[in-house]
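For reference, the chains in residue letters:
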Amino acid sequence: MKKKNYYEAVYELTRKIPFGRISTYGAIADYLALGSARMVGWALNKSFTGKDVPAHRVVNRKGELSGRHHFPHPDLMQKLLENEGVKIENHVVQDFDNLVWKPADEL
DNA sequence: CACTTGACAACAA
DNA sequence: CTTGTTGCCAAGT
């Protein structure tokens, strides 16, 4: 399999995020080494619709739901995460340090 | 082709 | 909390 565009790599990686876990732009960008965290956010922006990408599991380095504004409804992201057992407080993931998932985690 | 913007990171002040 | 800086790359204007 050849490597697709960087955004498809982001999509796949985002899909690999286990249930009840989250990831960060930095972790994804660092693992893919495709460019930078901005690329991840930009890719997710286009991916959250039309693709089965659980973009709600991707947060910024602070564990903040930075991307909630791009969802159909801003509070949807938080609701989805809470539905997976992830506690959110003030748009920030609780136990973020413990829930953050990295691609290398399964290696 | 140049400039700006973007779901960012990371640090400094 | 805000503001600034540097890096990174693509898309939009």
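Check the entry above for the structure.
The notes below deal with the structure included here. All residue numbers refer to positions counted from 1 along the written sequence of the respective chain. For this description, chains carry letters from A and ligands carry numbers from 1, given in the order in which they are written. Predicted model: local features are reported for residues with pLDDT of at least 70 only, side-chain atom pairs are reported and counted for 80 or more only, and whole-chain, interface and lining totals are derived from all residues. As a convention, hydrogens and water are excluded, and side-chain values are obtained from all of the structure's heavy atoms.

1. Notes on the protein's contact with DNA strand B
Around DNA strand B sit 16 residues in total, of which Y25, R38, N45, R61 and H70 are the nearest. For this description, a residue counts as near a given molecule or strand if any of its non-hydrogen atoms is within 4 Å of it. Here, DNA strand B places atoms within 4 Å of the protein, and 49% of those atoms are sugar or phosphate. Polar contact criterion, stated in full: a pair of N or O atoms within 3.5 Å, where within protein one must be able to donate a hydrogen and the other to accept it, and residues adjacent in sequence count only if both atoms are side-chain atoms. One of the side-chain nitrogen or oxygen atoms of H70 is found 2.7 Å away from a phosphate oxygen of DNA strand B. Runs of H or I in DSSP of at least four residues are treated as helices and runs of E of at least two as strands, each being numbered from the N terminus. Where the surface near DNA strand B is concerned, the elements lending two or more residues are α2 (25-32) and α3 (37-47). Broken down by element, the residue count for the surface near DNA strand B peaks at 6 residues, all from α3.

2. A closer look at the environment of T24
For T24, the location among the structural elements is in strand β1 (residues 23-24). Measuring from C-alpha to C-alpha, the distance between T24 and A37 comes to 8.7 Å, with 13 residues separating the pair along the chain. Throughout, a contact is declared for two residues whenever any of their heavy atoms are within 4.5 Å. What T24 contacts, discounting residues up to four positions off in sequence, is V58, V59, N60, F96 and V100.

3. A look at the nonpolar core
It is characteristic of soluble globular proteins that their nonpolar side chains tend to be buried jointly. Only buried residues count toward a nonpolar core, which is a set of Ala, Val, Leu, Ile, Met, Phe, Trp, Tyr and Cys residues joined through side-chain atoms within 4.5 Å. Each residue is assigned to one of three classes by its accessible area relative to the maximum for its type, calculated with a 1.4 Å probe on protein chains only: buried under 20%, partly exposed between the two thresholds, exposed over 50%. Ranked by internal contacts, the top residues of the largest apolar core, which has 28 residues, are I22, L44 and V93. Counting residues per element, the ones that place at least two in this core are α1 (6-15), α2, α3, β2 (58-59), α4 (76-83) and α5 (96-99). The contact partners of L44, leaving out residues within four places of it in the chain, are V10, T14, V53, A55 and V58.

4. Focus on the environment of L76
Structurally, the position occupied by L76 is in helix α4. On the basis of relative accessible area, L76 is assigned to the partly exposed category, the value being 29%. When the C-alpha positions of L76 and H56 are compared, they lie 8.5 Å apart, and in sequence the two are 20 residues distant.

5. Examining the side chain of R57
Examined against the element boundaries, R57 turns out to sit in the loop between α3 and β2. Looking at R57, its side chain comes within polar contact range of the main-chain oxygen of I17, at 2.9 Å.

6. Overview of the side chain of T14
You can see T14 is positioned in helix α1. Here the side chain of T14 touches V10 through a polar contact of 2.6 Å, landing on its backbone oxygen. Non-local contacts of T14, meaning those with residues more than four positions away in its chain, are made with I28, L44, V53, P54, A55 and V58.

Geometric descriptors of this kind do not, in isolation, establish any biological role.
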